[in-house]
Amino acid sequence: AGSGDGDDIAYDDDIYLLFLGEEGADDDDQDTQGNARAVRFGSAPGLLRACGAPSATQSGSLKRSAKHAMALLKYLLVTYGSKGGGQIVGEDVPLNAFADAFVRLEVRHYVSLNLHLHVSGGKKGDDGSDGSRGGSKVDACYVAAIVLAEHLHPTTGQRDVVDMSYLFPTEHSRVVFDRWINNQ
């Protein structure tokens, strides 16, 4: 796999800016509700942090917007400019520019996605909450499958194996992902 010929997006550092945000927009740059704020003009967290943004009110859960951010990430990686006929990974499936940039990120950046919270279905709260802050299981599984199958070392460009436990630190999340991938 690799970046397909004829992509309407050429390699561009702006893709990394979209995924990672600007440096300086770290966890200390938050208002009292835990929302990221721009400390300097243009400073903002990226899409990966939006995908894994923890709920400020429900421990072990995601912000509701994390589900939509994950859906956007999956769209950019899998659907945008798709030439794979529905297949998400494989030697005959060219990666679009977004997916090509994504699989070249340092492994530590994938942790911010909080994939385990997306696939675990959300924490049902003592307050009667319905677990709606669990994110997007299917979209997160697609994203994880791309990382596990296609990750390249950021500096060498060589295939680089990512340990599944790094993406899914809990046994439950690994079981859920295994079930999903075995049904594909």
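Residues numbered from 1 in each chain as written. Predicted model: local features only at pLDDT ≥ 70, side-chain atom pairs only at ≥ 80, totals over all residues. Heavy atoms only, no water.

## Observations concerning the overall build of the protein chain
Inference 1: Looking only at helices and strands, the protein chain features nine helices and zero strands.
Inference 2: Long-range pairs, those at least 24 residues apart, make up 63% of the contacts in the protein chain between residues at least 6 apart in sequence.
Inference 3: Surface accessibility of the protein chain: about 10,100 Å² in total, with carbon and sulfur atoms responsible for 49%. (Helix = DSSP H or I, 4+ residues; strand = E, 2+ residues; numbered from the N terminus. Contact = heavy atoms within 4.5 Å. Areas by Shrake-Rupley, 256 points an atom, 1.4 Å probe, with all protein chains shown as cover.)

## Considering the pattern of salt bridges
Oppositely charged side chains are able to pair whenever their charged atoms sit close together.
Inference 1: Within this structure, the stated rule accounts for four salt bridges.
Inference 2: With a shortest N-O distance of 3.3 Å, D100 and R104 are connected by a salt bridge.
Inference 3: For R104, a relative accessible area of 29% corresponds to the partly exposed category.
Inference 4: In this structure, E106 and R108 form a salt bridge, with 2.7 Å as the shortest nitrogen-oxygen distance.
Inference 5: In this structure E106 comes out as partly exposed when scored by relative accessible area, which is 38%. (Salt bridge = Lys/Arg side-chain N within 4 Å of Asp/Glu carboxyl O. Buried < 20%, exposed > 50% of the residue type's maximum accessible area, 1.4 Å probe, protein only.)

## Some details on the confidence of the model for the protein chain
Inference 1: Here the protein chain averages 78 in pLDDT, and 68% of its residues register 70 or above.
Inference 2: No element of the protein chain has a lower mean pLDDT than helix α1 (residues 13-20), which averages 84, and none a higher one than helix α9 (residues 171-182), which averages 95.
Inference 3: Between residues 1-10, whose pLDDT stays under 50, and residues either more than four places distant or in other chains, the model counts 25 contacts.
Inference 4: Across residues 24-42, confidence stays below pLDDT 50; counting only partners more than four residues off in sequence or on other chains, it has 27 contacts. (pLDDT = per-residue confidence, 0-100.)

## A few points about the side chain of K74
Inference 1: If you trace the backbone, K74 turns up in helix α3 (residues 64-79).
Inference 2: With sequence-adjacent residues up to four places away left out, K74 is seen in contact with T79, D139, Y142 and V143.

## A short note on the packing of aromatic side chains
Pairs of aromatic rings are described using the distance from one ring centre to the other and the angle between the two planes.
Inference 1: Applying the stated criterion across every chain, the model contains seven aromatic pairs.
Inference 2: Ring plane angle 55° and centroid distance 5.1 Å describe the contact between F102 and Y110, whose orientation is recorded as tilted.
Inference 3: Take F102: its relative accessible area is 0%, and that puts it in the buried class.
Inference 4: It is K74 that lies over the ring of Y142; its NZ or CZ is 4.5 Å from the centre. (Phe/Tyr/Trp six-rings, centres within 6.5 Å; stacked < 30°, edge-to-face > 60°. Lys NZ or Arg CZ within 6 Å of the ring centre and 35° of its normal.)

## Some remarks on the packing of helix α7 (residues 137-150) against α9
Inference 1: Closest axis-to-axis distance for the α7/α9 pair is 10 Å, and the angle between their directions is 80°. Put simply, α7 runs roughly perpendicular to α9. Between α7, through K137, V138, C141, Y142, A144, A145 and L148, and α9, the contact on the second element is made entirely by V176, F177, W180 and I181.
Inference 2: Of the residues assigned to the contact of α7 with α9, the class counts are ten nonpolar, no polar and one charged. (Axes fitted to C-alpha atoms, helices over the stretch in contact; angles between N-to-C directions. Parallel < 35°, antiparallel > 145°, perpendicular 65-115°, else oblique. Nonpolar A, V, L, I, M, F, W, Y, C, P; charged D, E, K, R; others polar.)

## Looking at the nonpolar core
One recurring pattern in soluble globular proteins: nonpolar side chains tend to sit buried together.
Inference 1: Grouped together as the largest cluster of nonpolar side chains are 38 residues, with contacts concentrated most on F19, L73, L77, F102 and L113.
Inference 2: Secondary-structure elements contributing two or more residues to this core are α1, α2 (47-51), α3, α4 (97-102), α6 (115-119), α7 and α9.
Inference 3: Element by element, the count of residues in this core is highest for α7, at eight residues.
Inference 4: Apart from residues lying up to four places away in sequence, L113 is in contact with L48, C51, G52, M70, L73, F102, H118 and V143. (Core = buried A, V, L, I, M, F, W, Y, C linked by side-chain atoms within 4.5 Å.)

## Here we look at the environment of L20
Inference 1: Structurally, L20 can be placed in helix α1.
Inference 2: According to the relative accessible area criterion, L20 is partly exposed, its value standing at 30%.
Inference 3: A C-alpha to C-alpha distance of 7.3 Å links L20 and R49, two positions 29 residues apart in sequence.
Inference 4: Setting aside its immediate chain neighbours within four residues, L20 contacts P45, G46, L48, L105 and H109.

## Quick notes on α3
Inference 1: For α3, spanning 16 residues, the distance from its first C-alpha to its last is 22 Å, which sits close to the expected 22 Å at 1.5 Å a residue.
Inference 2: Taken residue by residue, α3 has A66, A69, M70, L73, K74, L76, L77 and V78 as its buried positions.
Inference 3: Of the surrounding secondary structure, the elements contacted by the buried residues of α3 are α1, α2, α4, α6 and α7.
Inference 4: Trailing α3 by a residue or two, G81 shows a phi angle of about 60°, which is positive. (Expected span 1.5 Å × (residues − 1).)

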